[in-house]
Amino acid sequence: MSKLGHMARIYGRLFKYVKPYVGQLLLSALAMIGVAGTTAAIALLMKNVLDDVFITQDKRMLILVPVAILVIYLIKGVCRFIRTYVMNAAGIRIIRDIR
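Note that the coordinates shown come from a computational prediction; the quantities given were computed from them, not determined experimentally.

Novice: Describe a nonpolar patch on the surface, naming the residues involved and giving the relevant values.
Specialist: The grouping of Met7, Tyr11, Leu14 and Ile98 at the surface amounts to a nonpolar patch, some 380 Å² of accessible area in total. The element contributing the most residues to the nonpolar patch is helix α1 (residues 3-18), with 3 residues. With respect to the element layout, Met7 can be found in helix α1. By relative accessible area, which is 33% here, Met7 ends up partly exposed.

Structure below.
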């Protein structure tokens, strides 16, 4: 038996333990995408701060930017919590099922 076939058989056996938790793992993956998206949003926001606040001296942006930063970091924190909690819970349950 080839090494690839052997690995496929092992992963197939492990997948039956993971299968009941696919929904939780997908939720965790969506939360990971949320964390990545908010990280990119902060970078984009900093670009807008440099352009609008410092270069064009837009006073309205001085009010909007701090609010936007708070909202983005709130969303990022919630996504991180969901990712960590759901991934850990699924991992613990998978290990329990294997035992």
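Okay, back to it.
Novice: I'd love a proper account of the packing of α1 against helix α3 (residues 59-98), names of residues and values included.
Specialist: As a packed pair, α1 and α3 sit with axes 9 Å apart at the nearest point and diverge in direction by 115°. Seen along the crossing, α1 lies across α3 with a hand that is right-handed. Contact with α1, carried on its side by Leu14, Tyr17 and Val18, involves Ile94, Asp97 and Ile98 of α3 and no other residues of that element. Tallied by class, the residues present in the contact of α1 with α3 amount to 5 nonpolar, no polar and 1 charged.

Novice: Outline the environment of Tyr21, listing residues and values.
Specialist: If you trace the backbone, Tyr21 turns up in the loop between α1 and α2 (22-55). Looking at Tyr21, the relative accessible area reads 10%, which means it is buried. As a C-alpha pair, Tyr21 and Ala31 span 10 residues in sequence and 15 Å in three-dimensional space. Setting aside anything within four residues of it in sequence, one finds Tyr21 in contact with Ala90, Arg93, Ile94, Arg96 and Asp97.

Novice: Break down the confidence of the model for the chain for me, with residues and values.
Specialist: Atomic detail in the predicted coordinates should be set aside for any region of low pLDDT. The pLDDT averaged across the chain works out to 90; a share of 99% of its residues lies at or above 70. In the model of the chain, α1 stands out as the element of lowest mean pLDDT, 86, in contrast to α3, which has the highest, 92.

Novice: Explain the nonpolar core residue by residue, including any values.
Specialist: Generally speaking, soluble globular proteins have nonpolar side chains that are buried together. Among the nonpolar cores identified, the biggest contains 7 residues, and these are Ile42, Leu45, Val49, Val53, Met61, Val65 and Ile72. Those elements giving two or more residues to this core turn out to be α2 and α3.

Novice: If you had to explain the side chain of Thr38 to someone new, which residues and values would you point to?
Specialist: Turning to its location among the elements, Thr38 is positioned in helix α2. Here the side chain of Thr38 touches Val35 through a polar contact of 2.9 Å, landing on its backbone oxygen. With near-sequence residues (within four places) excluded, Thr38 lies in contact with Ile72, Ile75 and Lys76.

Novice: An account of the packing of α2 against α3 is needed here, citing residue identities and associated values.
Specialist: Two numbers describe how α2 lies on α3: the axes approach to 8 Å, and their chain directions differ by 160°. Comparing their axes, α3 and α2 come out roughly antiparallel. Helix-helix and strand crossings are classified by hand; for α2 and α3 the assignment is left-handed. Here the contact of α2 with α3 is built from residues that sort into 24 nonpolar, 5 polar and 5 charged.

Novice: Help me get a handle on the pattern of salt bridges, residues and values and all.
Specialist: Counting across every chain of the model gives 1 salt bridge. Its salt-bridge partner being Arg96, residue Asp97 comes within 3.5 Å of it at the nearest N-O pair. Here Asp97 falls in the partly exposed class, since its relative accessible area comes to 32%.

Each value, and the rule that gives it
Residues numbered from 1 in each chain as written. Predicted model: local features only at pLDDT ≥ 70, side-chain atom pairs only at ≥ 80, totals over all residues. Heavy atoms only, no water. Patch = residues over 30% accessible without salt bridge, like charges linked within 9 Å, V, L, I, M, F, W, Y side chains within 5 Å. Areas by Shrake-Rupley, 256 points an atom, 1.4 Å probe, with all protein chains shown as cover. Salt bridge = Lys/Arg side-chain N within 4 Å of Asp/Glu carboxyl O. Helix = DSSP H or I, 4+ residues; strand = E, 2+ residues; numbered from the N terminus. Buried < 20%, exposed > 50% of the residue type's maximum accessible area, 1.4 Å probe, protein only. Axes fitted to C-alpha atoms, helices over the stretch in contact; angles between N-to-C directions. Left-handed = near helix turned anticlockwise from the far one by under 90°. Contact = heavy atoms within 4.5 Å. Nonpolar A, V, L, I, M, F, W, Y, C, P; charged D, E, K, R; others polar. pLDDT = per-residue confidence, 0-100. Core = buried A, V, L, I, M, F, W, Y, C linked by side-chain atoms within 4.5 Å. Polar contact = N/O pair within 3.5 Å; in protein donor to acceptor, adjacent residues only side chain to side chain. Parallel < 35°, antiparallel > 145°, perpendicular 65-115°, else oblique.

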